[in-house]
Amino acid sequence: MKGNVIISVRVRPDGPEDQMSSDWVVDGRHGQVGYRGKDGGMYEYDNVFSQSDNNARVYESCAKRLVRRVMEGYHGTVFAYGMTGTGKTYSMQGTTASPGVIPLAITDIFSFIRETPHREFLLRVSYLEIYNERIHDLLASQPGSTGFVPLDQQTKGEEIKLREDPKRGVYATPLKEEIVQSPTQLLRVIARGDLCRRTGSTQFNARSSRSHAVVQIVVESRDRVAGASAGNMADNRRAGMNGGVRVSTLSLIDLAGSERAAENKERRTEGAHINRSLLTLGTVIARLSKDGEKDKDGNHLPYRDSKLTRLLQPALSGNSLISILCTIAIPLSNSGAANLTNIGETMNTLKFAARAKNNIISHAKKGDDFLNGVDAGSKALLERYRAEIAELRRELELQRRKDEVETAKELAKELAKEQEFREERDSERVCQLFFRNQLPLLLG
Ligand code: ADP
Ligand code: MG
């Protein structure tokens, strides 16, 4: 594997493996795949998976390490790229019997949290879809409810916009983010988003092949500081020093079918900008290679040309770990000429993967820890929570002091009363004594 980019190709034969066209070579051991026919070629990748490799194996090799690094504070993105029907969704979501990248990543995220008791974590998730260069929030609408408007019919007002802020970077707004505390809860939120995709379209497959589904899990974490409590200034100050919040994002992306990316002629028709995102993603990746390190800040790259690349700019600017899983389906030997276009498309996928392989010059840097300082623009919810808790504690402490003062005042009042009472009693006694003892003597 080269640097922070992993390129894998997953092959799904269109039938039994032994009937696969002999023009194709799939060599998992050497990470090679290729076509011997006209306009073919051999390519080498970090991983080549054949039909016998299941989802668990795919996850282990192309996403497990990346997920771990995200938990440690790096940004990470997994893309599934390929023609419709080649297994992108199968690889990302999987089935109950064979869970894919998303559920396996979620399991690992929570294992990591369990194994890291000295840090506290806050997870939030968003799920959006980019369709026709428009962003739709899959968590904002209720699946099946009458309020749901099919995405194709949604008005401009409900569209999600991309904004940029020096503190937060590029972000989508107004985007619903849900805080999740368990794997089941996280899976349930994503399942709800999936349901919205389905109920939002009469032809789910047609639309899913033309839209990008983007799951983003934001991980915030910071060190727990033992003994940090109200009233212990030294500890609190130390908490401020060590308690910087680390923010990283795991993006899991089921891309639109790549077959349309190559059809530039289609660009003026109905599908005009359907896959501008995919074209730009390819361009960005290719350009990253050409311009090399000079462009790692992303200045001259056409991120703004598509919603997808704009949204993922941090992930593609050399500040992230990237894993691209390209899926291809290889035709059977007896399938004849009907598959000629497929061969071209499959070769396009292999070329896309090859271009990315050596090209993304990525230098993963840990997301900066936010030390101290609380500002409204801060992305770190944990930091805001910490500030809120500190504020509440201060208020409590003030209240406690006020109460103490009140109590002291009352006490003083009571003491004064007691004193008065005693004085009265004492003077009475003196009088009594005087009358009883002294007066008779005086009177003789
Ligand atoms: P895509 O999302 O790329 O359009 P899908 O993931 O929906 O494609 O896959 C198309 C069909 O092929 C689905 O029925 C899926 O279950 C099946 N499939 C894809 N890849 C595999 C695989 N590696 N093993 C078994 N079934 C697969
Ligand atoms: Mg799909």
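It should be noted that the structure appears before, not after, this text.
Since this is a predicted model, take the numbers as computed values, not measurements.

Novice: Explain the overall build of the protein chain residue by residue, including any values.
Specialist: The number of helices and strands found in the protein chain is 12 helices and 14 strands. Per-residue burial for the protein chain yields a buried fraction of 36% across its 444 residues. Taking as baseline every contact in the protein chain between residues at least 6 positions apart, the subset at least 24 positions apart corresponds to 72%.

Novice: Before we move on, could you go through the pairing of strand S8 (residues 134-137) and cite the residues and values that matter?
Specialist: Where strand S7 (residues 119-131) meets S8, 4 bridges bridge the pair, whose relative direction is antiparallel. Bridge assignment links Leu128 to a residue of S8, and that residue is Asp137. The hairpin turn running from S7 into S8, its antiparallel successor, is 2 residues long, and Asn132 in that turn takes a positive phi close to 55 degrees.

Novice: Can you explain the sheet that holds strand S2 (residues 24-27)? Please cite residues and give values.
Specialist: Across the sheet, which stays open at both edges, the 3 strands sit in the order S2-S3-S4 with antiparallel pairing between neighbours. A strand with exactly one partner marks an edge of an open sheet, and here the two such strands are S2 and strand S4 (41-44). The mean angle between the axes of side-by-side strands here comes to 10 degrees, regardless of whether they run parallel or antiparallel. The pairing of S2 with strand S3 (residues 32-35) spans 4 bridges and is antiparallel. Its bridge partner being in S3, Asp27 is matched across the sheet by Gln32.

Novice: If you had to explain the site of ligand 1 to someone new, which residues and values would you point to?
Specialist: By nearness alone, every residue bordering ligand 1 is listed as Arg12, Gly82, Thr84, Gly85, Thr86, Gly87, Lys88, Thr89, Tyr90, Ser209 and Thr327. Per element, the largest residue contribution to the shell around ligand 1 is 3 residues, and it comes from helix H3 (residues 88-92). Split by residue class, the shell around ligand 1 holds 1 nonpolar, 8 polar and 2 charged.

Novice: Tell me about the environment of Ser141, and please be specific about residues and values.
Specialist: For Ser141, the location among the structural elements is in the loop between S8 and strand S9 (161-165). In the structure, Ser141 is positioned 51 residues away from Arg192 in sequence and 9.3 Å away in space, judged by C-alpha atoms.

Novice: Quick one: what's the story with the environment of Ile113, residue by residue and with numbers?
Specialist: Structurally, the position occupied by Ile113 is in helix H4 (residues 101-115). A count of 18 C-beta atoms within 10 Å places Ile113 in the partly exposed class.

Novice: Before we move on, could you go through helix H2 (residues 64-71) and cite the residues and values that matter?
Specialist: Taken residue by residue, H2 has Leu66, Val67, Val70 and Met71 as its buried positions. Buried positions in H2, seen along its axis, are confined to an arc of 145 degrees and lie on one side of it. Structurally, H2 contributes buried residues whose contacts are with strand S6 (75-82), H4, strand S12 (211-223), strand S13 (246-254) and strand S14 (320-330). One or two steps after H2, the chain reaches Gly73, where phi turns positive at roughly 120 degrees.

Novice: How would you explain H4 if you had to name every residue and give the values?
Specialist: End to end, H4 covers 21 Å across 15 residues, agreeing with the expected 21 Å (1.5 Å per residue, within 8%). Of all the residues in H4, the buried ones are Val101, Ile102, Pro103, Ala105, Ile106 and Ile109.

Novice: I'd like to hear about the pairing of S7, residue by residue, with values.
Specialist: When S7 meets S12, the two strands line up antiparallel, connected through 13 bridges. Directly across from Tyr127, in S12, lies its bridge partner Val215. Across 3 bridges, S7 lies against strand S11 (residues 178-180) in antiparallel orientation. The partner of Arg124 across the bridge, within S11, is Ile179.

The rules we used
- Residues numbered from 1 in each chain as written.
- Chains lettered and ligands numbered in written order.
- Predicted model: local features only at pLDDT ≥ 70, side-chain atom pairs only at ≥ 80, totals over all residues.
- Helix = DSSP H or I, 4+ residues; strand = E, 2+ residues; numbered from the N terminus.
- Buried ≥ 20, exposed ≤ 12 C-beta atoms within 10 Å, placed from the backbone.
- Contact = placed C-beta atoms within 7 Å.
- Pairing = 2+ DSSP bridges.
- Axes fitted to C-alpha atoms, helices over the stretch in contact; angles between N-to-C directions.
- Near = placed C-beta within 6 Å.
- Nonpolar A, V, L, I, M, F, W, Y, C, P; charged D, E, K, R; others polar.
- Arc of directions from axis to C-beta.
- Expected span 1.5 Å × (residues − 1).

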